[in-house]
Structure formats: C-alpha cells, structure tokens
Amino acid sequence: MKRALAGGAGDPRAWQRAQNAARRWAMWGAAIGLVFGAVLSAPASWLASMVHKASGERLLLADARGRVWGGSAVLVLAGGPGSHDAQALPGRLHWRIRPIWRGLRITAEQACCLNGKLRVELLPSWSGFTLVLPARDTAIGQWPARWVAGLGTPWNTLQLGGMVELTSSGARLEQVAGRTRVEGALGLRLIGMSSRLSPLDTLGSYRLALRSDAGTGDTATLTLDTIDGALRLSGTGQWAGARLRFRGQAQAAEGQEAALANLLNIIGRRQGALSVISIG
C-alpha cells in the first residue's frame with residue numbers, strides 16, 4: 001500500500017495531470033468570476049438598451065445612470081422606429097433589481113407618478129417570462145395623460161390632458177412563445193380628460209377594466225364606461241394572445257353636440273349622433 005502511494009506520488013505524468021486539472025479549474029473559476037463581475041458592474045445603459053429593443057423602440061430609459069442592478073433614468077415614450085415624437089415624464093425613475101429563487105424582484109420609485117415603492121417580480125422561463133404585479137389597496141400610480149402623445153398618431157393629434165390612474169387587485173402577465181396571457185385584474189381611471197380638438201375644458205372621467213380568471217386566462221375581458229362628463233364613452237372587448245378586439249361608442253351629452261362634433265368625427269365612424277369605435 002505504501003509502495004503504491006509512493007509510486008503514484010513519484011509518477012511525473014500523474015503529477016502533470018494533476019497540475020493541468022488544477023489550472024483548468026482555476027481558469028474556469030476566473031472566467032466565472034469575470035462573468036459575474038461584468039454582470040454585477042454592468043452599466044444602466046445596458047438595461048436601457050434591452051428595454052428599448054423589447055418595447056419596439058417605444059419606451060426609452062433616457063440618461064440612464066448607475067448600474068443594471070440599481071440606477072435611475074428619465075422615462076420617455078416614443079412612436080417607434082423612425083418616429084420624431086417623444087414625451088418624457090418629469091423627474092427620474094429609480095430602480096433596484098434583486099435575484100430571488102424563481103427570478104428577479106424589481107423595486108421602482110418615481111416621485112411624480114408612483115405611490116410609494118412599486119415591487120414586481122419577473123420570472124423567466126424557457127419560452128418567455130411572467131410579470132407578477134401584487135394587489136394593492138391604493139392606486140399604483142398616476143401619470144399625466146399628455147405622456148401618451150409621445151406614441152405618435154393618433155395620440156399626438158388628440159393631445160390629451162388629465163390624469164391616468166392604475167389600480168390592481170393582483171395580476172400576472174405571461175409572455176410565452178409570442179403570446180400574451182393575463183390572469184387577474186387591472187384597472188385604469190381616466191380622470192378629468194381633455195383634448196385640444198374640443199373647446200371644452202374637461203371631457204369627462206372614465207373607467208377601463210381588464211380582467212381574466214385562471215380558467216379563461218388566454219382571453220381577457222376589457223370594459224369601458226363613463227364616470228361623468230360631456231363625452232359619453234362605453235364599450236367591451238377581448239384581448240386574446242397578441243390580438244385586441246374592441247367595440248364601443250361615443251356620444252355627446254345633451255347640449256354638448258356642437259362642442260364635441262369635431263372630436264366625435266375623429267375618434268370613430270359616425271352613425272348619426274353616435275361615433276362607433278372599432279379595433280381589431
């Protein structure tokens with residue numbers, strides 16, 4: 001036994017193999033360390049580039065500062081490739097990204113628009129990802145409606161005023177193989193809306209709801225109704241995969257027909273006093 005050990009220890013080929021194995025492990029360790037180091041120190045501009053491409057060049061993290069895992073930027077909406085329209089939110093969005101066992105937890109803050117800290121979970125999969133938005137008793141945030149003018153036509157023509165408020169009782173948005181699946185509920189309140197196409201200071205306030213349960217997650221129901229105002233909006237629709245189908249109508253409240261005639265001609269197809277809205 002002792003002679004075998006002594007022989008093995010004195011074998012130059014065995015010694016060389018051990019040294020080569022040790023060097024390979026050291027090289028792998030160094031490579032992994034470099035990769036982790038690069039990821040941890042990656043500039044925020046990397047994240048800005050990924051968001052820009054993933055959104056079809058419609059969402060921009062402008063003037064990105066800091067790192068991928070913790071940074072800030074100005075949120076800008078744009079009209080896509082070749083568009084000259086762009087609209088920025090005031091102030092800066094601040095974010096922190098932390099790994100969790102299933103994916104990533106993202107915490108965001110923005111003084112102008114978010115109510116406190118927004119925490120979402122991003123869970124990657126082989127064919128897509130899932131975005132988990134927790135339920136909240138209060139609104140997630142409020143954004144100026146004029147921000148959507150950055151998306152170009154028709155929003156730059158409407159030049160909307162007012163505020164858009166987002167609420168959620170808990171929702172999961174799954175992107176799998178190019179198809180989008182929604183489970184849960186999201187709500188938008190369009191508060192004190194106005195448009196440069198109407199002489200009225202305020203058109204009204206509206207409620208838009210998107211809802212789907214676990215059994216019908218492939219198809220989400222969309223409803224629009226009027227809370228108050230001179231412009232009366234209503235409609236229903238479905239969002240299935242990447243396809244949206246919506247049928248609605250708009251009409252003026254009694255006595256407001258002349259003030260809203262131009263706007264009604266633009267937002268839908270006129271049928272007498274009604275303007276018919278059809279998408280998809």
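What this report covers is the structure whose coordinates are included nearby. Predicted, not measured: the structure shown is a model, and the values here were computed from it.

Parameters at a glance
- Residues numbered from 1 in each chain as written.
- Predicted model: local features only at pLDDT ≥ 70, side-chain atom pairs only at ≥ 80, totals over all residues.
- Heavy atoms only, no water.
- Salt bridge = Lys/Arg side-chain N within 4 Å of Asp/Glu carboxyl O.
- Buried < 20%, exposed > 50% of the residue type's maximum accessible area, 1.4 Å probe, protein only.
- Helix = DSSP H or I, 4+ residues; strand = E, 2+ residues; numbered from the N terminus.
- Disulfide = S-S within 2.5 Å.

Here we look at the pattern of salt bridges
According to the stated counting rule, one finds 8 salt bridges in the structure shown. For the salt bridge of R181 with E174, the shortest nitrogen-to-oxygen distance reads 3.9 Å. Taking relative accessible area as the criterion, R181 reaches 21% and is therefore assigned partly exposed. Ionic pairing is found between D225 and R207, a salt bridge with its closest N-O pair at 2.7 Å. Taken together, the residues D225 in strand β12 (residues 219-229) and R207 in strand β11 (residues 204-212) connect sequence positions 18 residues apart. For D225, a relative accessible area of 27% puts it in the partly exposed group. Overall, R207 belongs to the partly exposed group, its relative accessible area being 38%. Within this structure, D63, R65 and R92 form a network of salt bridges that share partners.

Description of the state of the cysteines
Inspection of every chain in the model, using the stated rule, returns 1 disulfide. A sulfur-sulfur separation of 2.3 Å characterises the disulfide bridge that pairs C112 with C113. Handedness of the C112-C113 disulfide follows from its S-S torsion of about -95°: it is left-handed. Note on C112: relative accessible area 32%, which makes it partly exposed.

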